[in-house]
Amino acid sequence: MSTIRGARERARIEVTAAIMDEARKQLAEQGAPKLSLRAVARELGMVSSALYRYFPSRDDLLTALIVDAFDAIGAAAEQAAAGERAEVVPPAERWVAVACAVREWALAHPHEYALIYGSPVPGYIAPMDTVGPAARVGLVLVDIVRGAHRAGRLVLPPLADELRADAERMAADFAEGVPPEAVAALVAAWAQLFGLISFELFGQFNRVVEEREALFRQAAGELARSVGLRDADTD
């Protein structure tokens, strides 16, 4: 029985992967709003009722694609951070390495990036299943700032009085051990990093910026400093 069960599980994994691959193809060709279970089934030579055993609705398939994309971009960020040893590489450089890894993933997977950071899909409401994966990149940046603070390599940025309560709440929610001043700046920097990537990916830099990688790297360094991360030559 265990052999049969194992074969069934492997078959299910293979079919699920094929469905996801075809759905990604549809994302690239038609966009998320036009994603169709029937069209996916047709392209795979399946009847719709068979596909529904894997994904009961279009929204279930969208959620799986979104979680997969968030996990992939999060893994890219985590790998970049792990590849830059905290005890050797200055925090600002680790921040820039992570930011560049996220940008590289986005450029290599533009349609998946558009799914998670582009326009919302009409009628789709993301479930709680997406929250954890969506936080992975941000938590990598939080960890870099937290480590810099513990090592005495964080210069606290200014914080407006009216933002302190919000910053303290955010620190308690997802950035324990990071001063509120840095948390507020970090959230702003995180949003600006993705804004830069989106501008590049969605064409706003066309005929404006030619050296986009250089611009991004410089901007990522400036954002690291805005959070309070020290440069390599800072005592």
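Bear in mind that the values here come from a model prediction, so they are computed numbers and not experimental data. (Residues numbered from 1 in each chain as written. Predicted model: local features only at pLDDT ≥ 70, side-chain atom pairs only at ≥ 80, totals over all residues. Heavy atoms only, no water.)

Structural notes on the overall build of the protein chain
Here's step 1: For the protein chain, the count of helices and strands is 11 helices and zero strands.
Here's step 2: Starting at the N terminus and ending at the C terminus, the protein chain contains elements arranged as α-α-α-α-α-α-α-α-α-α-α.
Here's step 3: Once the C-alpha set of the protein chain is aligned to its principal axes, its extents read approximately 65 × 50 × 35 Å.
Here's step 4: With 235 residues in all, the protein chain has 42% of them scored as buried.
Here's step 5: Within the protein chain, contacts between residues at least 6 apart in sequence are counted, and of these 72% link residues at least 24 apart.
Here's step 6: Here the protein chain displays about 12,800 Å² of accessible surface, and carbon together with sulfur accounts for 53% of that area.
Here's step 7: For the protein chain, the centre of its 25 positive side-chain charges and the centre of its 33 negative side-chain charges are spaced 7 Å apart. (Helix = DSSP H or I, 4+ residues; strand = E, 2+ residues; numbered from the N terminus. Buried < 20%, exposed > 50% of the residue type's maximum accessible area, 1.4 Å probe, protein only. Contact = heavy atoms within 4.5 Å. Areas by Shrake-Rupley, 256 points an atom, 1.4 Å probe, with all protein chains shown as cover. Lys, Arg positive; Asp, Glu negative; His and termini not counted. Charge placed at Lys NZ, Arg CZ, Asp CG, Glu CD.)

Describing the packing of aromatic side chains
Here's step 1: Enumeration according to the criterion identifies seven aromatic pairs in this entry.
Here's step 2: Both rings, one in tyrosine 113 and one in phenylalanine 194, keep their centres 6.5 Å apart while their planes meet at 15°; by these two values the pair is stacked. Within this pair, whereas tyrosine 113 is found in helix α6 (residues 110–117), its partner phenylalanine 194 is found in helix α10 (residues 180–201), the two being separated by 81 residues in sequence.
Here's step 3: A relative accessible area of 0% places tyrosine 113 in the buried class.
Here's step 4: For phenylalanine 194, a relative accessible area of 8% puts it in the buried group.
Here's step 5: For the pair tyrosine 113 and phenylalanine 202, a centre-to-centre distance of 6.1 Å together with 50° between the ring planes defines the contact as tilted. Of this pair, tyrosine 113 sits in helix α6 while phenylalanine 202 is found in the loop between α10 and α11 (212–227), placing the two residues 89 residues apart along the sequence.
Here's step 6: Judged by relative accessible area, which is 39%, phenylalanine 202 ranks as partly exposed.
Here's step 7: Three or more aromatic residues joined by ring pairs make a cluster, and in this case those are Phe70, Tyr113, Tyr117, Trp190, Phe194 and Phe202. (Phe/Tyr/Trp six-rings, centres within 6.5 Å; stacked < 30°, edge-to-face > 60°.)

What to know about the nonpolar core
Here's step 1: The biggest cluster of nonpolar side chains holds 67 residues, and the ones touching the most others in it are Leu61, Trp95, Val98, Val145 and Leu229.
Here's step 2: For this core, the element with the highest residue contribution is helix α4 (residues 58–83), accounting for 11 residues.
Here's step 3: Apart from residues lying up to four places away in sequence, valine 98 is in contact with Ala77, Ala80, Ala81, Val140, Leu141 and Ile144. (Core = buried A, V, L, I, M, F, W, Y, C linked by side-chain atoms within 4.5 Å.)

Quick look at the side chain of glutamate 200
Here's step 1: Positionally, glutamate 200 belongs in helix α10.
Here's step 2: With a relative accessible area of 12%, glutamate 200 lands in the buried category.
Here's step 3: Among the polar contacts made by the side chain of glutamate 200, one reaches the side chain of arginine 103 at a distance of 2.9 Å.
Here's step 4: When residues no more than four places from it in sequence are discounted, the contact partners of glutamate 200 are Arg103, Leu107, Phe205 and Arg212. (Polar contact = N/O pair within 3.5 Å; in protein donor to acceptor, adjacent residues only side chain to side chain.)

So, helix α9 (residues 164–174)
Here's step 1: For α9, the set of buried residues is Ala167, Met170 and Ala171. Across the axial projection of α9, the buried residues extend over an arc of 100°, all falling on one side. Exposed and facing more than 90 degrees away from the buried side of α9 are Ala165, Ala172 and Asp173.
Here's step 2: Buried residues along α9 sit in contact with α10. (Arc of directions from axis to C-beta.)

Notes on α6
At 3.6 residues per turn, the α-helix brings residues three or four places apart onto the same side.
Here's step 1: Looking only at α6, the buried set comprises Glu112, Tyr113, Leu115 and Ile116. Taken down its axis, α6 places every buried residue within 155° of arc, on the same side.

So, the packing of α4 against helix α8 (residues 136–150)
Here's step 1: Following both chains from N to C, one finds α4 and α8 inclined at 20°, their axes separated by 8 Å at the closest point. Our classification of the angle between α4 and α8 gives roughly parallel. Along the contact surface, α4 presents Asp71, Ile73, Gly74, Ala75, Ala77, Glu78 and Ala81, while α8 presents Arg136, Val137 and Val140.
Here's step 2: Its residues assigned to classes, the contact of α4 with α8 comprises six nonpolar, one polar and three charged. (Axes fitted to C-alpha atoms, helices over the stretch in contact; angles between N-to-C directions. Parallel < 35°, antiparallel > 145°, perpendicular 65-115°, else oblique. Nonpolar A, V, L, I, M, F, W, Y, C, P; charged D, E, K, R; others polar.)

Here we look at a negative patch on the surface
Here's step 1: Taken together, Glu104, Glu210, Glu211 and Glu213 make up a surface patch of like negative charges.
Here's step 2: Classification of glutamate 211 as exposed rests on a relative accessible area of 60%. (Patch = residues over 30% accessible without salt bridge, like charges linked within 9 Å, V, L, I, M, F, W, Y side chains within 5 Å. Salt bridge = Lys/Arg side-chain N within 4 Å of Asp/Glu carboxyl O.)

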